[in-house]
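# Architecture at a glance
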Amino acid sequence: MTSEIRFRALAELDEQLAHIAAAPRDEGSVELIVCRPAVGERRELDAGELSLELGLVGDNWRARGKRNKAAHPDMQLNLMNMRALAAIEPDPARWPLAGDQFYVDFNLSDENLPSGTQLTLGEAVIEVTAEPHLGCAKFQQRFGRDAVAFVNSEAGKALNLRGINAKVVQPGWVHIGDRIGKR
């Protein structure tokens, strides 16, 4: 017998906005690291190495280029607010399906982290890029139409509920529980 997945309704998600917006603004923590070795594959890690050339070592970011174009350098890393993910998906076993590499308890809003902001992420330093990270068809398939409406709403975009893109500017290791903070 298979269990049916129940997607959260938009009203339920909206009730979580204040909790999500209250995430730490200066220093937070790394809650989950997910490597995507191939399309559709996910591997949870206790630690990951960040490289200038590869992003998260072992992740398939470089292979995600399109039509003979290299992978976008400003989309090397994807970070998502863990509070937003937990609001969208109550089952932790499904969290890696969101498709990001780093899930953090940290305020990822545009107001808190404008493009160009540098962050320490464990031993590494990353830089927030201007490339938007929005809910897409895959996200809708995995978490429902209301989840996409939530992350792509005016409030969702202001808080970057779907997450942010970043690039590595100083390589290093990142472990679960490590600090993420403004540099």
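Scope of this entry: the structure provided in the associated data block. Since the model is a prediction, treat every value here as computed from it, not as a measurement.

A count of helical and extended segments in the protein gives six helices and eleven strands. A globule of 183 residues ought to have a C-alpha radius of gyration of about 16 Å, and the protein, at 15 Å, matches this closely. Each principal axis of the C-alpha distribution contributes one length, and for the protein these read about 40 × 35 × 30 Å. The buried share of the protein, reckoned over its 183 residues, is 46%. As displayed, the protein has an accessible area near 9200 Å², and 50% of this comes from carbon and sulfur atoms. Mean positive and mean negative side-chain charge positions of the protein (22 and 26 charges, respectively) differ by 7 Å.

Another point: the layout of surface pockets. Quantified by volume, the second largest pocket comes out at close to 220 Å³. In terms of lining residues, the second largest pocket is bounded by 20 residues, among which D110, A130, E131, P132 and N160 are the most central. Elements with a minimum of two residues in the lining of the second largest pocket: α6 (154–158) and β9 (164–170). Among the residues forming the lining of the second largest pocket, the class breakdown is nine nonpolar, seven polar and four charged.

Moving on, we come to the environment of A155. Tracing the backbone through its elements, the reader meets A155 in helix α6. Between the C-alpha atom of A155 and that of G122, which follows or precedes it by 33 residues, the distance is 29 Å.

About the cut-offs
- Residues numbered from 1 in each chain as written.
- Predicted model: local features only at pLDDT ≥ 70, side-chain atom pairs only at ≥ 80, totals over all residues.
- Heavy atoms only, no water.
- Helix = DSSP H or I, 4+ residues; strand = E, 2+ residues; numbered from the N terminus.
- Rg over C-alpha atoms; globule rule 2.2 N^0.38 Å.
- Buried < 20%, exposed > 50% of the residue type's maximum accessible area, 1.4 Å probe, protein only.
- Areas by Shrake-Rupley, 256 points an atom, 1.4 Å probe, with all protein chains shown as cover.
- Lys, Arg positive; Asp, Glu negative; His and termini not counted.
- Charge placed at Lys NZ, Arg CZ, Asp CG, Glu CD.
- 1 Å grid on protein atoms, 1.4 Å probe; cavity = no way out; pocket = protein on both sides within 12 Å on 5 of 7 lines; lining within 4 Å.
- Points joined across faces, edges and corners; volume = space filled by probe spheres on them.
- Nonpolar A, V, L, I, M, F, W, Y, C, P; charged D, E, K, R; others polar.

Remember that the coordinates give geometry; whether it matters functionally is a separate question.
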